[in-house]
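Close look at the chain arrangement
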Amino acid sequence: MSQEAANPFNSLMPEPDPAGLKEIFELVAAGLYSLASMLVGEGEESARLVVEAIASAQVSPCADPQNARRCSRRALAIAALKLLVQRCPGCVDAPQGLVTATTCIEGDDLASAGISTGELEGMISGQEREQVRMWLASLPTWMRTVFALRAVAGFNAAETAALLKLHGGPQAAAWTPEVVSEVFRQGLCSLASQVLRNRE
């Protein structure tokens with residue numbers, strides 16, 4: 001990947017940068033790229049989604065960092081969903097006949113899987129990155145999308161269901177917070193099993 005693709009904020013940051021904002025923006029961009037790559041795969045498309053998300057979210061260096069991060073993640077999620085619908089129509093539809101699974105996890109958050117947010121970030125960007133990438137690739141697109149929106153983007157079940165219903169194509173209306181929670185719980189159980197295998 002080119003340096004421009006690896007640092008999508010470069011074209012959006014003014015020069016010079018006396019306050020060191022470019023470094024902060026590049027860290028944010030790296031997080032957005034990680035989310036984009038989980039949703040649509042690594043490469044130029046993900047880098048382009050990052051740039052488009054920043055532009056459409058109108059992120060300003062003066063904006064509240066938490067709100068700016070959330071707005072940019074939402075913009076990126078919307079753009080990624082639209083790309084997925086174009087690429088594979090129906091792949092982010094709600095699963096038909098989803099059965100509540102008896103799994104090792106009762107809740108629908110990372111803590112229920114025994115994984116902290118920091119551990120997940122380390123898995124995504126550290127030595128376990130390739131194993132996580134392979135695990136994600138093994139998931140159905142609809143489950144991988146829910147996992148990324150919940151675990152990485154930080155949206156709750158209701159927010160995730162709303163995003164999928166609005167931007168997941170004409171057949172995505174069946175998404176509800178309850179379905180999102182069940183899909184995420186099953187994804188978490190799969191991830192927990194993967195972590196345990198890696199640690200044995």
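Keep in mind the model is a prediction, meaning the values are calculated, not measured. (Residues numbered from 1 in each chain as written. Predicted model: local features only at pLDDT ≥ 70, side-chain atom pairs only at ≥ 80, totals over all residues. Heavy atoms only, no water.)

1. Observations regarding the overall build of the protein chain
Applicable threshold: Put simply, DSSP H or I for four residues or longer makes a helix, DSSP E for two residues or longer makes a strand, and each gets a number counted from the N terminus. When a residue's accessible area, from a 1.4 Å probe over protein chains only, is under 20% of the maximum for its type it is buried; when over 50% it is exposed; and in between it is partly exposed. We call two residues in contact whenever any of their non-hydrogen atoms come within 4.5 Å of each other. Each accessible area is a Shrake-Rupley result for a 1.4 Å probe, and residues are judged covered by the shown protein chains and nothing else.
When you go through the protein chain residue by residue, the secondary structure sums to nine helices and zero strands. Going from the N terminus to the C terminus, the protein chain shows its helices and strands as α-α-α-α-α-α-α-α-α. The 200 residues of the protein chain split such that 43% are buried. Contacts spanning at least 24 positions in sequence make up 68% of the contacts within the protein chain whose residues lie at least 6 apart. Accessible area for the protein chain stands at about 10,200 Å²; split by element, carbon and sulfur atoms hold 54% of it.

2. Comments concerning the pattern of salt bridges
What counts, and what does not: A carboxyl oxygen of Asp or Glu within 4 Å of a side-chain nitrogen of Lys or Arg is what we treat as a salt bridge.
Using the criterion set out here, one finds four salt bridges in the structure. Among the salt bridges present, the one from Arg-87 reaches Glu-45, with a minimum N-O distance of 2.5 Å. In this pair, Arg-87 sits in helix 4 (residues 65–87) while Glu-45 sits in helix 3 (residues 44–57), placing the two residues 42 residues apart along the sequence. Given a relative accessible area of 35%, Glu-45 falls into the partly exposed group. With its nearest N and O atoms 2.6 Å apart, the salt bridge here joins Glu-159 to Arg-70. Separated by 89 residues along the polypeptide, Glu-159 in helix 8 (residues 157–167) and Arg-70 in helix 4 bring together distant segments of the chain. With a relative accessible area of 27%, Glu-159 lands in the partly exposed category.

3. With respect to the confidence of the model for the protein chain
Note the following rule: Residue-level confidence of the predictor is what pLDDT reports, using numbers from 0 through 100.
Across the protein chain, the average pLDDT comes to 78, with 66% of residues at or above 70. Per-element mean pLDDT across the protein chain ranges from 44 in helix 1 (residues 3–6) up to 96 in helix 8. Considering only residues more than four positions removed or in separate chains, one finds that residues 1–9, a stretch of pLDDT under 50, has 21 contacts.

4. Some words on the environment of Glu-42
With respect to the helices, strands and loops of the structure, Glu-42 is situated in the loop between helix 2 (21–40) and helix 3. Under the relative-accessibility criterion, Glu-42 is labelled partly exposed at 46%. Through-space distance from the C-alpha of Glu-42 to that of Arg-133 is 9.9 Å; in sequence the pair is 91 residues apart. Once you skip the residues sitting within four places of it in the chain, Glu-42 turns out to touch Tyr-33, Ser-37, Arg-129 and Arg-133.

5. As for the state of the cysteines
Working definition of a disulfide: a covalent bond connecting the sulfur atoms of two cysteines. For the record, the criterion: Cysteine sulfur atoms that come within 2.5 Å of each other are treated as a disulfide pair.
Overall, the coordinates contain one disulfide when judged by the stated rule. Across a sulfur-sulfur distance of 2.2 Å, Cys-88 and Cys-91 are joined as a disulfide pair. Across the S-S bond linking Cys-88 and Cys-91, the dihedral sits near 50 degrees, which makes this disulfide right-handed. Classification of Cys-88 by relative accessible area gives partly exposed; the value is 23%.

6. Structural notes on helix 6 (residues 129–138)
Inclusion rule: For this quantity, the arc is that covered by the directions from the helix axis to the C-beta atoms.
For helix 6, the full list of buried residues reads Val-132, Trp-135 and Leu-136. Each buried residue of helix 6 lies within a common arc of 100 degrees when the element is viewed along its axis, so the set occupies one face. Opposite the buried face of helix 6, at more than 90 degrees from it, the exposed residues are Met-134, Ala-137 and Ser-138.

7. Topic: the packing of aromatic side chains
Note the threshold: In this analysis, rings of Phe, Tyr and Trp, with Trp reduced to its six-membered ring, are considered paired at centre separations within 6.5 Å, and the interplanar angle assigns stacked below 30 degrees, edge-to-face beyond 60, and tilted for intermediate values.
Taken as a whole and assessed by the stated rule, the structure comprises two aromatic pairs. For the ring pair Trp-135 and Phe-147, a centre distance of 5.1 Å and an interplane angle of 80 degrees mean the geometry is edge-to-face. Here Trp-135, found in helix 6, pairs with Phe-147, found in helix 7 (residues 141–152); they are twelve residues apart in sequence, far enough to count as distant. Judged by centre distance (5.8 Å) and plane angle (50 degrees), the ring pair of Phe-147 and Phe-184 falls under tilted. Linking Phe-147 in helix 7 with Phe-184 in helix 9 (residues 177–199), this pair joins segments that are 37 residues apart in sequence. Both residues of the pair, Phe-147 and Phe-184, belong to the buried class. An aromatic cluster of three or more residues is present, and its members are Trp-135, Phe-147 and Phe-184.

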